[in-house]
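Close look at the chain arrangement
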Number of protein chains: 2
Amino acid sequence: MALKTSRKNNYPEWYQSVIAEADMAENSSSPGCMVIKPWGYGLWERIRDVFDEMIRETGCENCYFPLFIPLSFFQKEAEHVDGFAKEMAVVTHSRLSMKDGKLTPDSKLEEPLIVRPTSEAIIADSFAKWVKSYRDLPIMVNQWANVVRWEMRPRLFLRTREFLWQEGHTVHASAKEAEEETKRMLEAYRELCENTLAMPVLTGRKPEHEKFPGAVDTYCVEAMMQDGKALQAGTSHFLGQNFAKSANIAFINKQNQSEYAYTTSWGVSTRLIGGVIMTHADDEGMVVPPRIAPYQVVIVPVVKNPDDEEAIMAYIRDIRKELSGKMPFGEKIRVKIDSRNRSSVDKFWEWTRKGAPIILEIGKRDADSNNIMVKTRIKLGQPEGKLIMPRGEFVGSVALRLENIQKEMFAKAKTRLDTNIRTDITTPEDFARYFGQSNTWIEEGSTGKVAFVRGKWCADPQTEEILKAMKITIRCIPFDQSHTEGVCLLTGKPATTDVIYARSY
Amino acid sequence: MALKTSRKNNYPEWYQSVIAEADMAENSSSPGCMVIKPWGYGLWERIRDVFDEMIRETGCENCYFPLFIPLSFFQKEAEHVDGFAKEMAVVTHSRLSMKDGKLTPDSKLEEPLIVRPTSEAIIADSFAKWVKSYRDLPIMVNQWANVVRWEMRPRLFLRTREFLWQEGHTVHASAKEAEEETKRMLEAYRELCENTLAMPVLTGRKPEHEKFPGAVDTYCVEAMMQDGKALQAGTSHFLGQNFAKSANIAFINKQNQSEYAYTTSWGVSTRLIGGVIMTHADDEGMVVPPRIAPYQVVIVPVVKNPDDEEAIMAYIRDIRKELSGKMPFGEKIRVKIDSRNRSSVDKFWEWTRKGAPIILEIGKRDADSNNIMVKTRIKLGQPEGKLIMPRGEFVGSVALRLENIQKEMFAKAKTRLDTNIRTDITTPEDFARYFGQSNTWIEEGSTGKVAFVRGKWCADPQTEEILKAMKITIRCIPFDQSHTEGVCLLTGKPATTDVIYARSY
């Protein structure tokens with residue numbers, strides 16, 4: 001049962017309807033902010049648990065830093081930027097009072113506070129207190145937190161005024177160590193995206209004009225959505241001594257001299273959920289990678305005669321008990337029995353639209369014959385539709401089945417990415433013609449749609465303006481450079497640097 | 001090695017020094033906000049994990065609601081309260097710009113936004129959209145979030161402008177179901193405090209003037225700190241139809257009539273960590289209940305001769321491997337090898353001040369003789385000091401040992417609570433004399449200090465003023481009422497209601 005809007009028909013509308021029909025999130029009465037509902041938040045919790053473990057293994061520890069940053073912390077930065085203006089939420093009062101029957105901000109703050117858009121400034125302030133000697137280094141902390149950026153055109157998960165993320169911040173005694181950390185975390189993001197979200201990514205460095213302000217280098221993971229647009233899925237910044245100098249993070253080195261430290265920061269956010277949707281969902285709704293599914297197996301009882309209910313439920317509880325020992329991905333399986341007072345058909349479609357990896361429908365006939373009606377959300381090398389399977393066979397294979405679904409989802413997305421990076425566009429004319437077309441949904445197996453171009457870039461400052469005019473971006477400068485000569489696809493000048501061009505979210 | 005300040009000497013200063021020496025948190029440059037450092041945040045993560053599981057088992061699901069609440073959401077409430085004034089952070093601008101070299105709030109919002117002090121108002125707004133029929137009920141959600149209240153005298157963990165908490169919000173079709181939920185969650189808090197934090201609590205109902213605004217009934221768990229003061233550790237509110245009426249949460253009931261729903265809310269915060277400190281810490285520093293210790297066993301290598309290092313570390317790794325299969329409290333044990341480049345004596349005292357439940361010191365002699373030097377942070381029915389133990393004996397008993405530490409910590413705190421509730425004060429004169437004294441540290445076994453009084457209260461509105469003047473509070477109206485007659489300890493009027501009186505944090 002397809003959604004009202006298909007990907008082909010109207011991709012942006014399809015995206016919204018996937019979220020609505022899967023009941024993952026909704027716009028709230030708080031302008032530009034979203035309510036993340038249990039199915040959407042459950043995905044975030046799984047992503048958090050997986051990545052938290054990965055972070056911990058690198059020796060990084062979780063902390064929590066303040067939501068508010070004093071305005072003066074931004075003064076120095078602002079003095080170095082012409083026409084500095086940032087869209088940020090500013091707290092100016094600390095009381096709400098009734099005045100003439102109208103509720104009014106009261107008790108003005110001496111210094112306004114900024115709701116953190118990211119925490120480099122306030123964390124650097126702590127680092128400056130913590131770091132004294134090279135013996136204190138490295139310091140590696142992370143926080144799971146909410147941040148606020150005053151987005152003008154909010155879109156659920158992709159761009160909301162408030163979003164959830166993790167931000168890692170580290171301090172090192174040498175540039176080399178800090179750069180290694182930056183790249184280690186970039187690699188962690190690649191692993192998270194590919195192994196956990198089944199979302200293949202390209203990795204590379206951002207061009208100068210796309211860097212995080214204050215960074216020496218910004219590295220990124222970039223994914224291709226089903227409409228060929230790019231989604232920046234995560235960034236890792238080598239900050240050099242820039243933040244150390246402005247916040248005075250200095251240490252006594254082994255030579256007994258005072259030196260500024262080297263810092264890094266890296267983050268991924270609830271935006272990843274937008275990426276998962278646009279990588280995997282289809283015209284029937286959401287498709288959740290088993291690794292992050294809040295429930296990996298959902299059991300829907302089919303009770304046609306109330307007299308059978310007890311026998312059916314007993315059979316279902318037995319199956320759940322058998323499943324409870326299974327460990328797909330080395331973790332306890334997550335099973336849900338949906339015993340709400342709704343029709344089984346409604347429940348089946350609800351879980352289909354939510355993208356639960358495996359749905360079991362179990363009725364009297366199944367209980368009697370010791371069978372299970374199995375429906376995997378994606379075709380798994382088997383004919384479409386439901387499959388009747390002996391209970392033992394299903395229970396015995398469930399872990400492998402979930403792992404195979406995960407693999408197949410990744411493989412499918414990887415094929416889409418690999419086959420939709422054009423490398424044969426070598427002149428500005430062909431480039432302009434290619435991006436003169438609109439992005440549309442890339443049907444499975446199709447390769448002629450607008451997506452990524454890997455080609456030359458001359459790095460001339462004027463290219464920034466050309467990109468803006470064409471509404472195209474350089475996603476990254478891939479690590480694996482060809483070092484061949486060619487012409488810049490924007491200016492026609494000789495160029496050797498390979499970059500990835502694409503439209504983006 | 002004792003802290004500079006003892007409990008006896010200066011209890012408030014001792015509290016600050018425990019936190020500083022255990023490196024759990026610190027004041028930040030963001031006024032009134034704290035930085036929660038890894039050891040403090042680790043406690044919060046354990047509390048979160050345990051309680052999250054408890055919540056889930058009740059059928060409650062995690063969500064995330066916006067940080068900002070439009071000002072108009074408070075208008076209705078304000079119209080019903082004389083002289084409404086609330087200390088809350090108010091966002092009035094959405095941009096920061098440079099004007100004449102000065103960073104300035106810019107782009108004024110049409111409607112100011114309040115940084116959530118609690119989320120009833122914004123969540124009720126969502127509930128109103130979600131609830132249509134009795135079939136949609138109950139709805140039970142929870143969020144782990146930061147909230148902001150503009151505290152004037154902040155104290156780490158106890159009262160900070162920003163703090164972390166969980167807030168549960170539920171909607172029900174009947175008052176009875178909602179009241180049951182309120183009490184179920186109060187019981188969950190009692191269980192959390194007692195079983196997980198080893199912190200015994202009293203439960204009961206708040207008097208009218210201590211209720212959450214908008215609640216029909218507020219229930220609470222109250223703990224006794226080591227200075228005899230009370231700490232409100234958690235609250236659970238039965239909101240009746242109050243929020244449903246103002247936000248229009250209505251549903252079609254089974255009789256096909258529209259009816260307002262019944263809501264509840266309940267929360268505990270990082271304040272619990274303050275409670276854990278003031279329940280368990282001693283003059284040597286923090287003492288962490290094993291159930292929530294980020295590390296339950298810390299291994300400190302003692303390397304006197306660098307040539308021995310490899311053998312010692314190999315022996316330690318073996319021990320860790322043996323420990324890794326142990327499951328105190330039914331969970332994987334948390335073991336840390338502290339291999340930092342510091343002296344083993346410094347490390348030993350650092351982990352003592354942090355309150356790690358068990359510290360192992362392992363040197364060459366231990367490795368050679370297959371022994372372990374064990375130090376439990378609290379005496380465990382054994383003479384004070386370190387204990388040399390055969391490795392096998394320690395490994396085999398570690399889970400039980402941790403569970404026994406947890407039990408002993410609870411028992412000790414329970415004895416303190418039970419023996420420091422005065423029930424023999426029956427006249428206002430004796431009551432005034434008792435609370436005429438100052439709170440001081442309750443030494444173990446002592447019972448004559450100022451702490452709790454269980455006595456009569458006449459519920460007369462004037463008692464509120466008397467309490468304020470005496471700087472005493474009614475902590476709760478216990479569920480187990482004696483129904484005897486007596487005189488109100490505040491007014492001398494006849495009274496039958498038993499309440500708990502105490503000074504409080």
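Reading guide: rules and limits
Residues numbered from 1 in each chain as written. Chains lettered and ligands numbered in written order. Predicted model: local features only at pLDDT ≥ 70, side-chain atom pairs only at ≥ 80, totals over all residues. Heavy atoms only, no water. Salt bridge = Lys/Arg side-chain N within 4 Å of Asp/Glu carboxyl O. Helix = DSSP H or I, 4+ residues; strand = E, 2+ residues; numbered from the N terminus. Expected span 1.5 Å × (residues − 1). Buried < 20%, exposed > 50% of the residue type's maximum accessible area, 1.4 Å probe, protein only. Arc of directions from axis to C-beta. Contact = heavy atoms within 4.5 Å. Buried area = accessible area lost by both parts, 1.4 Å probe. Polar contact = N/O pair within 3.5 Å; in protein donor to acceptor, adjacent residues only side chain to side chain. Pairing = 2+ DSSP bridges. Axes fitted to C-alpha atoms, helices over the stretch in contact; angles between N-to-C directions. Parallel < 35°, antiparallel > 145°, perpendicular 65-115°, else oblique. Left-handed = near helix turned anticlockwise from the far one by under 90°. Phe/Tyr/Trp six-rings, centres within 6.5 Å; stacked < 30°, edge-to-face > 60°. Lys NZ or Arg CZ within 6 Å of the ring centre and 35° of its normal. Least-squares fit on C-alpha atoms with pLDDT ≥ 70 in both.

Examining the pattern of salt bridges
Residue and element names in this part refer to chain A. Evaluation of the coordinates by the stated rule reveals 72 salt bridges over all chains. With its nearest N and O atoms 3.1 Å apart, the salt bridge here joins Arg 353 to Glu 21. Of this pair, Arg 353 sits in helix α9 (residues 344-354) while Glu 21 sits in helix α1 (residues 11-21); the two residues are 332 residues apart in sequence, bridging distant segments of the chain. In this structure, Arg 475 engages Glu 222 in a salt bridge whose closest nitrogen and oxygen atoms are separated by 2.8 Å. Of the two residues, Arg 475 is situated in strand β23 (residues 473-478) and Glu 222 in strand β11 (residues 217-224); the sequence distance between them amounts to 253 residues.

Observations regarding helix α8 (residues 309-323) of chain A
Residues and elements named next belong to chain A. For α8, which comprises 15 residues, the first-to-last C-alpha distance of 21 Å matches the rise-based estimate of 21 Å (1.5 Å per residue) to within 8%. All of the buried residues in α8 are Ile 312, Met 313, Tyr 315, Ile 316, Ile 319 and Leu 323. Projected onto a plane normal to the axis of α8, the buried residues spread over an arc of 160 degrees and lie on a single side. Residues of α8 that are exposed and point more than 90 degrees away from the buried face comprise Glu 310 and Lys 321. Where α8 is buried, its residues touch β16 (297-302), β17 (335-337), β18 (358-363), α10 (364-369), β19 (371-376) and α11 (391-419).

Quick word on the interface of chain B and chain A
Counting residues at the interface gives 73 residues for chain B and 73 residues for chain A. Surface buried jointly by chain B and chain A totals about 5,900 Å² across both partners, of which 59% is contributed by carbon and sulfur atoms. It is Tyr 64, Leu 96 and Leu 103 of chain B that lose the most area in chain B upon contact with chain A, and together they represent 12% of the buried surface on that side. Its salt-bridge partner being Asp 136 of chain A, residue Arg 342 of chain B comes within 3.8 Å of it at the nearest N-O pair. There are 36 residue pairs in polar contact (both at pLDDT 80 or more) connecting chain B and chain A. In terms of residue count, strand β6 (residues 90-99) of chain B provides more of the side of chain B that touches chain A than any other element does, 9 residues in total. One ladder, built from 3 bridges, connects strand β6 (residues 90-99) of chain A with β6 of chain B; its direction is antiparallel. If you follow Val 91 of chain A over to β6 of chain B, its bridge partner there is Val 91 of chain B.

A closer look at the sheet that holds β19 of chain A
Residue and element names in this part refer to chain A. What the 5 strands build is an open sheet, ordered β17-β16-β18-β19-β20; its pairing is mixed. Each end of this open sheet is capped by a strand with a single partner; those strands are β17 and β20 (387-390). The average angle at which neighbouring strand axes cross in this sheet is 30 degrees, direction not considered. As judged from the 6 bridges shared by β16 and β18, these two strands associate in the parallel manner. From the neighbouring strand, Ile 299 faces β18, where its bridge partner is Leu 360.

A closer look at the sheet that holds strand β16 (residues 297-302) of chain B
All names here are of chain B. Strand order in the open sheet formed by 5 strands is β17-β16-β18-β19-β20, and the pairing between neighbours is mixed. A strand with exactly one partner marks an edge of an open sheet, and here the two such strands are β17 (335-337) and β20 (387-390). Each neighbouring strand pair of the sheet contributes to a mean axis angle of 30 degrees, computed without reference to strand direction. The pairing of β16 with β17 spans 3 bridges and is classified as parallel. Bridged to Val 298 within β17 is Lys 336. Relative to the sheet, helix α9 (residues 344-354) contacts β16, β17, β18 (358-363) and β19 (371-376), its axis offset from that of β16 by approximately 165 degrees.

Observations regarding the packing of helix α1 (residues 11-21) of chain B against helix α7 (residues 271-280) of chain B
All names here are of chain B. Viewed as axis vectors pointing N to C, α1 and α7 meet at an angle of 110 degrees, and their least axial separation amounts to 11 Å. Accordingly, the angle class assigned to the pair α1 and α7 is roughly perpendicular. Here α1 and α7 pass one another in a crossing that is right-handed. Every residue of α7 that contacts α1 at Tyr 11, Trp 14, Tyr 15, Val 18 and Ile 19 is listed here: Gly 274, Ile 277 and Met 278.

Focus: the packing of aromatic side chains
As enumerated under the stated definition, the model contains 33 aromatic pairs over all chains in all. With 6.1 Å between their ring centres and 35 degrees between their planes, Trp 39 of chain A and Tyr 295 of chain A make a pair best called tilted. Linking Trp 39 of chain A in helix α2 (residues 38-57) with Tyr 295 of chain A in the loop between α7 (271-280) and β16, this pair joins segments that are 256 residues apart in sequence. Considered together, Trp 39 of chain A and Tyr 295 of chain A belong to a single accessibility category, that of buried residues. Ring plane angle 15 degrees and centroid distance 6.4 Å describe the contact between Phe 212 of chain B and Phe 243 of chain B, whose orientation is recorded as stacked. Of the two residues, Phe 212 of chain B is situated in the loop between β10 (201-205) and β11 (217-224) and Phe 243 of chain B in helix α6 (residues 242-247); the sequence distance between them amounts to 31 residues. The same class applies to Phe 212 of chain B as to Phe 243 of chain B, namely buried. Within the aromatic cluster, the residues linked to one another by ring pairs are Phe 431, Tyr 434, Phe 435 and Tyr 501 of chain A. Directly above the ring of Phe 348 of chain A sits Lys 386 of chain A, whose terminal nitrogen or CZ lies 4.3 Å from the centroid. Against the face of Tyr 505 of chain B rests Lys 229 of chain B, its NZ or CZ located 5.1 Å from the ring centre.

Overview of the relation of the copies chain B and chain A
With an RMSD of 0.0 Å, chain B superimposes on chain A once it is rotated by 180 degrees and translated 0.0 Å along the axis. This pairing of chains is accounted for by a two-fold axis. Of every C-alpha in chain B, the one belonging to Val 91 of chain B sits nearest the axis of rotation, 2.1 Å from it. In this assembly the copies share their binding face: 100% of the residues contributing to the interface of chain B also contribute to that of chain A.

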